[in-house]
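The chain contents come next:
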Amino acid sequence: MERQFDRPVPARVNMEAEKWDLMAKGLAPDIVPLSVADMEFASPPAIIAALEETARSGLWGYTGWGERYFNALRGWMATRHGWEIQREWVVQVNGVVQGLNAAVRALTRPGDGIVIQPPVYPPFFRAVRDNGRTLVENPLRLEGGRYEMDFSDLEEKLARPDVTALILCSPHNPVGRVWTREELRRVGDLCLAHHVLVISDEIHADLVQHRFRHVPFACLGEQYAQHAVIGTACSKTFSLAGLCCANMLVPDPEKKAALEQEVNRSGCGTYSIFGVRALEAGYERCAPWLDELIDYVGENYQYLRDFMAEHFPAVFTAPLEGTYLAWMDLRPLGLEAPELARFLEDEALLYLSHGASFGAPGFERVNLACPRSVLAAALDRLLAAARKRGLAG
């Protein structure tokens, strides 16, 4: 029986979609982008209905957020993650990336060292460098087929007198780790000991496979919460990235005031009414849809993993605990990073997210939030192109 996520959706060509029209511009017309982390699924019906009602009103003026918005946000965080948030913590932003950049500017000083943990989401690098801070890398380690934090190196980096912040990716994009409470507490203890702020990007918090559990950093305890800024959004959860609606949650009043001032200084004084209504509908009515999505993504991951194990047994595919993004080491194909990109795009007609931008040349990130038929066709093309090159049997 066909499930809702099996149904193909129209390609977003000529819609100014970053994933289709902008990043893949100039590439073959039948290329399949499994790159940018938005879904090839329509948003939940309840959200579509809410947006249609808003559109029909014809009244889309300046928009903020109020009780309905906060109640939806608070209810979701409480029921989904066991986190009781307060209204006075909320700083609304257009996206978590905007919030991360604002937090860097508001809560650190030019020249300060900021720790990131590559391979990691490319905007983390830019949030440090573009704001005149010093990039400090604490690379993840691959241990026994699973990525782990290098706590010895982390402590050494956090102890540096110039280091004032850590940007944490939780769950981690692209390696798919859902950090345990114990791991997060170790991070928190080290940051507290060295007076280092934690800026935690938790945009993938809702997209966790059912046998794992996301722990919001602020749930570790009051002292951890007071020393943290948490970025959240429903954009990944319900395929809403284009509606530009996110929240930074800041329990410490002084940090919250500084962040809010920096956000306001950027000139962002109003937000999309469509983003506000979508968040409310999603958090209030779309949990069953999300549960089905998580199952489907897990099955897509297993399809990918089985395919690669059969046809490319030397390729490592990281276990998927959270996100809808698979992380693969294609270095066994024997192609240097630039040639690998050309092979994928020109010969396999695939547009993936190349590992070099995450700090890991030779790796590729695959977006699994697509119908199974799309994923299967993409992998079949990869295999055919590899066989032509003599890279697969």
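Our structure's up above, just so we're on the same page.
Definitions and limits used
- Residues numbered from 1 in each chain as written.
- Predicted model: local features only at pLDDT ≥ 70, side-chain atom pairs only at ≥ 80, totals over all residues.
- Heavy atoms only, no water.
- Helix = DSSP H or I, 4+ residues; strand = E, 2+ residues; numbered from the N terminus.
- Expected span 1.5 Å × (residues − 1).
- Buried < 20%, exposed > 50% of the residue type's maximum accessible area, 1.4 Å probe, protein only.
- Arc of directions from axis to C-beta.
- Pairing = 2+ DSSP bridges.
- Right-handed = clockwise from strand over helix to strand, strands pointing away.
- Salt bridge = Lys/Arg side-chain N within 4 Å of Asp/Glu carboxyl O.
- Core = buried A, V, L, I, M, F, W, Y, C linked by side-chain atoms within 4.5 Å.
- Contact = heavy atoms within 4.5 Å.
- Phe/Tyr/Trp six-rings, centres within 6.5 Å; stacked < 30°, edge-to-face > 60°.
- Lys NZ or Arg CZ within 6 Å of the ring centre and 35° of its normal.

**Concerning helix α3 (residues 67-81)**
Its 15 residues place the ends of α3 20 Å apart at the C-alpha level, agreeing with the 21 Å of an ideal helix rising 1.5 Å per residue. Taken as a whole, α3 has its buried residues at Tyr 69, Phe 70, Ala 72, Leu 73, Trp 76, Met 77 and His 81. Angularly, the buried residues of α3 cover 160° about the axis, an arc narrow enough to put them on a single face. Gly 82 occupies a position one or two residues after α3 and carries a positive phi of about 65°.

**What about the pairing of strand β8 (residues 197-201)?**
Burial analysis of β8 places five of its five residues in the buried class, which makes it a mostly covered element. Residues Leu 197, Ile 199 and Asp 201 of β8 are buried on one face, and the alternating residues Val 198 and Ser 200, pointing to the opposite face, are buried as well. Pairing between strand β7 (residues 163-169) and β8: five bridges, direction parallel. Pairing of Ile 167 across the sheet is with Ile 199, part of β8. Where the polypeptide runs from β7 across helix α7 (residues 181-193) and back to β8, its parallel neighbour, the crossover connection is right-handed. Bridging between β8 and strand β9 (residues 228-233) involves four bridges; their strand directions are parallel. Paired with Asp 201 across the two strands is Gly 231, which belongs to β9.

**Thoughts on the pattern of salt bridges**
One pass over the full model with this rule turns up 22 salt bridges. Note that Asp 291 and Arg 80 form a salt bridge whose closest N and O atoms lie 2.8 Å from each other. On the criterion of sequence distance, the pair formed by Asp 291 in helix α12 (residues 287-311) and Arg 80 in helix α3 is long-range, its members being 211 residues apart. Put simply, Asp 153 and Lys 157 hold a salt bridge, and the shortest N to O gap is 3.1 Å. Of this pair, Asp 153 and Lys 157 both sit in helix α6 (residues 151-158), four residues apart, which is roughly one turn of that helix. Of the two residues, Asp 153 and Lys 157, neither departs from the other in class, the shared state being buried. A network of salt bridges, in which partner residues are shared, links Arg 146, Glu 148, Arg 177, Glu 183 and Glu 321.

**Quick notes on the nonpolar core**
One finds Phe 217, Phe 238, Leu 293, Met 308, Phe 312, Leu 368 and Leu 382 to be the most contacted residues of the largest nonpolar core, which totals 102 residues. Among the elements that make up this core, the one with the highest residue count is α12 (10 residues). Here Phe 238 is in contact with Met 39, Ser 43, Pro 44, Ile 47, Trp 76, Gly 282, Tyr 283, Cys 286, Trp 289 and Leu 290, once residues within four sequence places are set aside. Phe 125, Ile 199, Val 229 and Ala 246 belong to the second largest nonpolar core, which has 28 residues in total.

**Some remarks on the packing of aromatic side chains**
If you walk through the whole model with that rule in mind, you get 15 aromatic pairs. The interplanar angle of 55° and the centroid separation of 5.8 Å between the aromatic rings of Trp 60 and Phe 274 together place this pair among those described as tilted. Taken together, the positions of Trp 60 in the loop between α2 (45-57) and α3 and Phe 274 in helix α11 (residues 273-285) put the pair 214 residues apart, joining distant regions of the chain. Through pairs of rings, three or more aromatic residues link up here, namely Phe 5, Phe 41, Trp 76, Phe 238, Tyr 283, Trp 289 and Tyr 296. When the ring centre of Phe 151 is taken as reference, the NZ or CZ atom of Arg 186 above it lies at 3.9 Å. Against the face of Tyr 296 rests Arg 372, its NZ or CZ located 4.6 Å from the ring centre.

**Side note on unusual backbone geometry**
Excluding glycine, a negative phi dihedral is what most residues carry, and trans is how most peptide bonds are arranged. In the segment running from Pro 118 into Pro 119, the intervening peptide bond is cis, with an omega of 0°. In this fold, Pro 119 is placed in the loop between β3 (113-116) and α5 (122-129). One non-glycine residue with positive phi stands out, namely Leu 349, at about 55°. Assignment of secondary structure puts Leu 349 in the loop between α13 (337-347) and β13 (350-351).

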